[in-house]
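Spelled out from the first residue to the last, the chains are:
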Amino acid sequence: MRITVGPVLGLRTRLETLFWPSYLALAVLTAFLAHTMVHLTLGPALLAGVLSALLFLVCEWLHQFGQSLAARLVGGPMVGIRFFNLFSASEYPAGDPVLRQAVKLLPFWSHH
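Residues numbered from 1 in each chain as written. Predicted model: local features only at pLDDT ≥ 70, side-chain atom pairs only at ≥ 80, totals over all residues. Heavy atoms only, no water.

A tally of helices and strands in the protein chain yields three helices and four strands. Each helix and strand of the protein chain, ordered N terminal to C terminal, gives the series β-β-α-α-β-β-α. Burial analysis of the protein chain (112 residues in total) assigns 29% to the buried set. The long-range fraction of contacts in the protein chain, counting pairs at least 24 apart against all pairs at least 6 apart in sequence, stands at 48%. Roughly 7,300 Å² of accessible area belongs to the protein chain as shown, and the carbon and sulfur atoms make up 75% of that amount. (Helix = DSSP H or I, 4+ residues; strand = E, 2+ residues; numbered from the N terminus. Buried < 20%, exposed > 50% of the residue type's maximum accessible area, 1.4 Å probe, protein only. Contact = heavy atoms within 4.5 Å. Areas by Shrake-Rupley, 256 points an atom, 1.4 Å probe, with all protein chains shown as cover.)

Next up on the list: the sheet that holds strand 1 (residues 3–8). Pairing between the strands of a sheet is mediated by backbone hydrogen bonds and can be parallel or antiparallel. One open sheet holds the four strands; their spatial order is 1-2-3-4, and the pairing between them is mixed. Looking at the sheet topology across the chains shown, the edges are occupied by strand 1 and strand 4 (88–91). Within the sheet, the average angular offset between the axes of one strand and its neighbour, ignoring direction, is 20°. Taken together, the four bridges between strand 3 (residues 80–83) and strand 4 define a ladder with antiparallel strand orientation. Among the inter-strand pairings, Ile 81 is bridged to a residue of strand 4, identified as Ser 90. Taken strand by strand, helix 2 (residues 42–73) contacts strand 1, strand 2 (11–15), strand 3 and strand 4, and its axis lies near 145° from that of strand 3. (Pairing = 2+ DSSP bridges. Axes fitted to C-alpha atoms, helices over the stretch in contact; angles between N-to-C directions.)

For the rest of this paragraph, the subject is the packing of aromatic side chains. The full count for this structure, using the stated rule, is six aromatic pairs. Ring geometry for Phe 56 and Phe 87: centres 6.1 Å apart, planes at 65°, overall edge-to-face. Here Phe 56, found in helix 2, pairs with Phe 87, found in the loop between strand 3 and strand 4; they are 31 residues apart in sequence, far enough to count as distant. The exposure class of Phe 56 is partly exposed, given its relative accessible area of 31%. An aromatic cluster of three or more residues is present, and its members are Phe 19, Trp 20, Tyr 23, Phe 56, Phe 83 and Phe 87. (Phe/Tyr/Trp six-rings, centres within 6.5 Å; stacked < 30°, edge-to-face > 60°.)

Remark: helix 1 (residues 19–37) packs on helix 2, axes separated minimally by 7 Å, with the N-to-C direction vectors making an angle of 135°. As far as their axial angle goes, helix 2 and helix 1 are oblique. Classified by chirality, the crossing of helix 2 by helix 1 is right-handed. Of the residues in helix 2, those in contact with Phe 19, Tyr 23, Leu 26, Ala 27, Thr 30, Ala 31, Ala 34 and His 35 of helix 1 are Leu 42, Ala 45, Leu 46, Ala 48, Gly 49, Val 50, Ser 52, Ala 53, Phe 56, Leu 57 and Glu 60. Of the residues assigned to the contact of helix 1 with helix 2, the class counts are 14 nonpolar, four polar and one charged. (Parallel < 35°, antiparallel > 145°, perpendicular 65-115°, else oblique. Left-handed = near helix turned anticlockwise from the far one by under 90°. Nonpolar A, V, L, I, M, F, W, Y, C, P; charged D, E, K, R; others polar.)

The subject of this paragraph is the nonpolar core. Within the largest apolar cluster, 13 residues are counted, with the highest numbers of intra-cluster contacts made by Leu 11, Tyr 23, Trp 61, Ile 81 and Phe 83. For this core, the secondary structure elements donating two or more residues are strand 2, helix 1, helix 2 and strand 3. With sequence-adjacent residues up to four places away left out, Leu 11 is seen in contact with Val 5, Gly 6, Trp 61, Phe 65, Ser 68, Met 78, Val 79, Gly 80 and Ile 81. (Core = buried A, V, L, I, M, F, W, Y, C linked by side-chain atoms within 4.5 Å.)

Okay, helix 2 next. Helical geometry note: an α-helix holds 3.6 residues per turn, so side chains three or four residues apart project in the same direction. Between its first and last C-alpha atoms helix 2 spans 47 Å; for 32 residues at 1.5 Å apiece the expected length is 46 Å, and the two agree. Every buried residue belonging to helix 2 is among Ala 45, Gly 49, Ala 53, Glu 60, Trp 61, Gln 64, Phe 65, Ser 68 and Ala 71, and all of these are buried. (Expected span 1.5 Å × (residues − 1).)

This is how it looks when you write it as structure tokens:
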């Protein structure tokens, strides 16, 4: 099941099929760790698991939003974020010549 959200802050967010089981597994794993290592009871451990997965999602989205800001600085129009599992990828228009030139210059800029 694929879902597209947005645009939010200028970016379309696509949640691919493996997004759902990946984040569910992350929530279950972190709930298990909260229960066994922190000794939370079942309810608070499940809440901790869900909140951990949501925090991970928000941080991943914010990371990609930062990528879009960097792309805008060099004239590359990032158009979206695709969550394919726990992780995501930036989406750019196919064959964007501005972005290809900017990618060549970024290592130079980072050292000066």
